[in-house]
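# Summary of structural features
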Amino acid sequence: MASVVQPDPLAADGRGWRVAGRLYMAIGYLFLVLPIATMIVFSFQKGQFASIPGQGWTLQWYGKLFSDGTLLEALRNSLIVSPLAATGGCILGFLAAYAIHRFRFRGQGAFSVLLVLPVLIPPLILGVAFLGLLSRIGLQGQLLSVILTHVVIVTAPAMAVIQLRLGQMPASLEEAAWDLGATDLQTLYKVVLPFTLPGIAGGWLLAFTFSFDEFIIAWFVSGFEQTLPVAVYAYIVGSVDPSLNAVGSIVFGLSVLSLIGVELLLFPILFSRYRSAAA
């Protein structure tokens, strides 16, 4: 007599949970992506007010954007602030990451926590604190103020990326350089820096993205030297202008390109670490 195979209720229940989980993820991604996609589509519409269906396609809002002196000045400021802040953050991040990787010293845990503290503190609190400090030393309302504050907040993410790369460096590399007569500075310059360069480049791109998109702290300390996010906020408060969709689309595109660059630089590092762990 042939036996009847009974369905496993646990397996069916597991499939149901997997389907529900995938549906939940799809809804979450749709919730995140749909506003951005809508903004990009509306940036090419002819009408003054966004509508579905639209009144045709045009590039006039991008043309208006690049003829707006205020927004162009803000973009210029952002393109000055972000590379300098990213460079300063990478220099400090590399020095901090190398100190943590290379040395053991008292208070190392507190030092590590102190470095990531600016990322953990709410930006509103940091903005008020920076404004009070810079006002006392006469640096408020300048691009230098924005650069200094952004260096503080981008150092931690840059350091995290650089630490990933330093964690792959065998200690024997430095030891071999010392055995061959290299000084500590020569070893740092000719061995450690070239090995860490992919991590430094990835950290720079990530720090650039953080700085370019940062709004709250820049709003407190920039004064009349506004960065692009601050200028966009001023436009939103004053009126609803379709050219803001063009601004948002350009900023989003730059952020995506920077993050793709970070991923391309980090993928070999993470893959190598995974392969070493599997071996």
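What comes next concerns the included structure. Keep in mind it's a predicted model, so treat the numbers as computed, not measured.

At a minimum axis distance of 10 Å, the contact between helix 7 (residues 171-179) and helix 8 (residues 184-213) shows a crossing angle of 145°. Crossing hand, helix 7 versus helix 8: right-handed. Residues Leu173, Glu174, Ala177 and Trp178 of helix 7 touch helix 8, and the partners they reach there are Asp184, Thr187, Val191, Val192 and Phe195. When its residues are assigned to classes, the contact of helix 7 with helix 8 shows 6 nonpolar, 1 polar and 2 charged.

Okay, the packing of aromatic side chains next. The final tally for this structure, using the stated rule, is 4 aromatic pairs. Seen from their ring centres, phenylalanine 208 and phenylalanine 212 are 5.7 Å apart, and the 20° between their planes marks the pair as stacked. With phenylalanine 208 and phenylalanine 212 both in helix 8 and 4 residues apart, the pair spans about one turn of that helix. The class for phenylalanine 212 is buried, based on a relative accessible area of 3%. Geometrically, the ring pair formed by tryptophan 219 and phenylalanine 220 is edge-to-face, given 5.2 Å between the ring centres and 85° between the ring planes. Judged by its relative accessible area of 45%, tryptophan 219 falls in the partly exposed class. What links up through ring pairs into an aromatic cluster is the set Trp204, Phe208 and Phe212. When the ring centre of phenylalanine 195 is taken as reference, the NZ or CZ atom of arginine 165 above it lies at 4.1 Å.

Calculation notes
Residues numbered from 1 in each chain as written. Predicted model: local features only at pLDDT ≥ 70, side-chain atom pairs only at ≥ 80, totals over all residues. Heavy atoms only, no water. Axes fitted to C-alpha atoms, helices over the stretch in contact; angles between N-to-C directions. Helix = DSSP H or I, 4+ residues; strand = E, 2+ residues; numbered from the N terminus. Left-handed = near helix turned anticlockwise from the far one by under 90°. Contact = heavy atoms within 4.5 Å. Nonpolar A, V, L, I, M, F, W, Y, C, P; charged D, E, K, R; others polar. Phe/Tyr/Trp six-rings, centres within 6.5 Å; stacked < 30°, edge-to-face > 60°. Buried < 20%, exposed > 50% of the residue type's maximum accessible area, 1.4 Å probe, protein only. Lys NZ or Arg CZ within 6 Å of the ring centre and 35° of its normal.

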